[in-house]
Amino acid sequence: MNLSQKKILLGLTGGIAAYKVADLCRQLVKAGAEVRVVMTSGAKAFITPLTLQALSGNPVHDDLLDPSAEAAMGHIELAKWPDLIVIAPASADFIARATVGMANDLLSTLCVASAKPIALVPAMNQQMWANAATQDNIQTASKRGMHIWGPASGEQACGDVGLGRMIEPLDIAQKVDTFFNHKPLKGQHWVITAGPTVEKIDPVRFLTNRSSGKMGYSIAKAAADLGAKVTLVSGPVSLSAPNGVQRLMVESAQSMLDAVTETTDKADVFIACAAVSDYRAKDISEQKMKKKADSGLSLELEQNPDILKWVATNRSCYCVGFAAETQNVDEYAKAKMQRKGIEMICANDVSRTDIGFSSDHNELRVFHLIKDQIEMYPLGPMLKSELSLELVELINSVR
Ligand code: C5P
């Protein structure tokens, strides 16, 4: 583990796991990091600032409105200082406040005032973790680009058993190390399509589909986190671009193909995650189409270009496709891989409501062609963010 020259702001909130963070602080310092500790008033009920001051070698920050602390290092300066903010333990209350964007103590204010990456390390009772509000907050935090490390499952201080325990200090320290040092995709360019396409029918109507873009965005984030230069070609979605990713917004399949053509010239990997409309209106009406009394309407559609097939045929990058199927998932996926001439396909069963399309979870069956043999790797079910990291590592290891 080498964290030399890394500046880590370690935030503690109120929870019994706070006592373990003394050990985390020691390990980060031992690995060479410069650590500054911020404690909420809840955290100070479990462990003293003096302990963390001694271990970090720096004064502990705990007050937003303390004039002498502000004179030494003001909260805005402190928010700009770190390379990474790690909140451990992150209580249900703190996660809720951070998600809403509250700034009612020093630590929550720093999260709002900082543009630096934030990792939340949840620790709470299993029922509090399972609570729908906490789960919604975690998903919002993850969607906004915060890293969520843990929780682990097991015995809890209150006697309950279940998911909610803080992951161990060594695991947290290793995640910090991975965050800074594990960049296996450095020097590579990955192009990823995501979201739906929108095919105009007239000035106010269009053909589209239910793709949320979550899977493609989370793959783009994972590839960027692992060091790749990432171009994300996205149809209209309500997600913000992940940090460090170059995003090109498009609407129609043709405009998606144009953007992909321009960006894949020297790409190493192309991942087609977008749900591209198979058809588009043959003629787009310039004026709003009027309803005709007592008659139906036939729309003439023509086929859209197949973006993935185009890249597989015209570019030398490693091509990965997705197959969303409602039946015969494996069979259709393998046939699609051969039809499009690609090396890998990730199949998911979209007939299930617990995973896929708009869900934050997914489960994939990944088929990979190697020396005329097809191998299958099952991935998940798990959060799309975790699944994406595993998929990106898998692609990089087999390509
Ligand atoms: O042919 P089908 O739509 O089932 O194939 C799905 C895969 O092909 C996905 O990876 C999707 O992003 C990609 N695709 C594409 N261009 C199309 C249709 C699908 O890139 N016109």
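Keep in mind it's a predicted model, so treat the numbers as computed, not measured. (Residues numbered from 1 in each chain as written. Predicted model: local features only at pLDDT ≥ 70, side-chain atom pairs only at ≥ 80, totals over all residues. Heavy atoms only, no water.)

Let us look at the sheet that holds strand E5 (residues 147-148). The strand order across the open sheet built from five strands is E2-E1-E3-E4-E5, with neighbouring strands paired in parallel fashion. The open sheet has two edge strands, strand E2 (34-39) and E5, and neither has a second partner. The pairing of strand E3 (residues 84-90) with strand E4 (residues 118-122) spans four bridges and is parallel. Bridge assignment links alanine 90 to a residue of E4, and that residue is proline 122. (Pairing = 2+ DSSP bridges. Helix = DSSP H or I, 4+ residues; strand = E, 2+ residues; numbered from the N terminus.)

Our focus in this paragraph is the layout of surface pockets. Size it by volume and the second largest pocket reaches roughly 980 Å³. Surrounding the second largest pocket, 39 residues form its lining, Ala274, Ala275, Val276, Asp278 and Phe322 being those nearest its centre. Taken together, the elements giving at least two residues each to the lining of the second largest pocket come down to strand E8 (189-194), helix H11 (214-225), helix H13 (307-314), strand E16 (318-325) and helix H14 (329-340). The element best represented in the lining of the second largest pocket is E16, accounting for four residues. The residue inventory of the lining of the second largest pocket, partitioned by class, reads 17 nonpolar, 14 polar and eight charged. (1 Å grid on protein atoms, 1.4 Å probe; cavity = no way out; pocket = protein on both sides within 12 Å on 5 of 7 lines; lining within 4 Å. Points joined across faces, edges and corners; volume = space filled by probe spheres on them. Nonpolar A, V, L, I, M, F, W, Y, C, P; charged D, E, K, R; others polar.)

Attention now goes to the domain arrangement of the protein chain. Accessible area lost upon the coming together of the parts serves often as the stated size of an interface. Domain parsing of the protein chain yields domain 1 (7-181) and domain 2 (189-286 + 295-398). Taking only C-alpha atoms into account, the centre of domain 1 sits 35 Å from that of domain 2. Counting from both sides, the interface comprises five residues of domain 1 and, opposite them, eight residues of domain 2. For the domain 1 and domain 2 pair, buried surface summed over both sides reaches about 560 Å², with 52% attributable to carbon and sulfur atoms. (Domains from an automatic or database assignment. Contact = heavy atoms within 4.5 Å. Buried area = accessible area lost by both parts, 1.4 Å probe.)

Scanning all chains against the criterion turns up one cavity of 30 Å³ or more. Reported here for the largest cavity is a volume of approximately 40 Å³. Forming the walls of the largest cavity are His61, Asp63, Ala69, Glu70, Met73, Gly74, His75, Leu78 and Leu106. Each residue belonging to the lining of the largest cavity can be placed in one class, and the counts come to four nonpolar, three polar and two charged.

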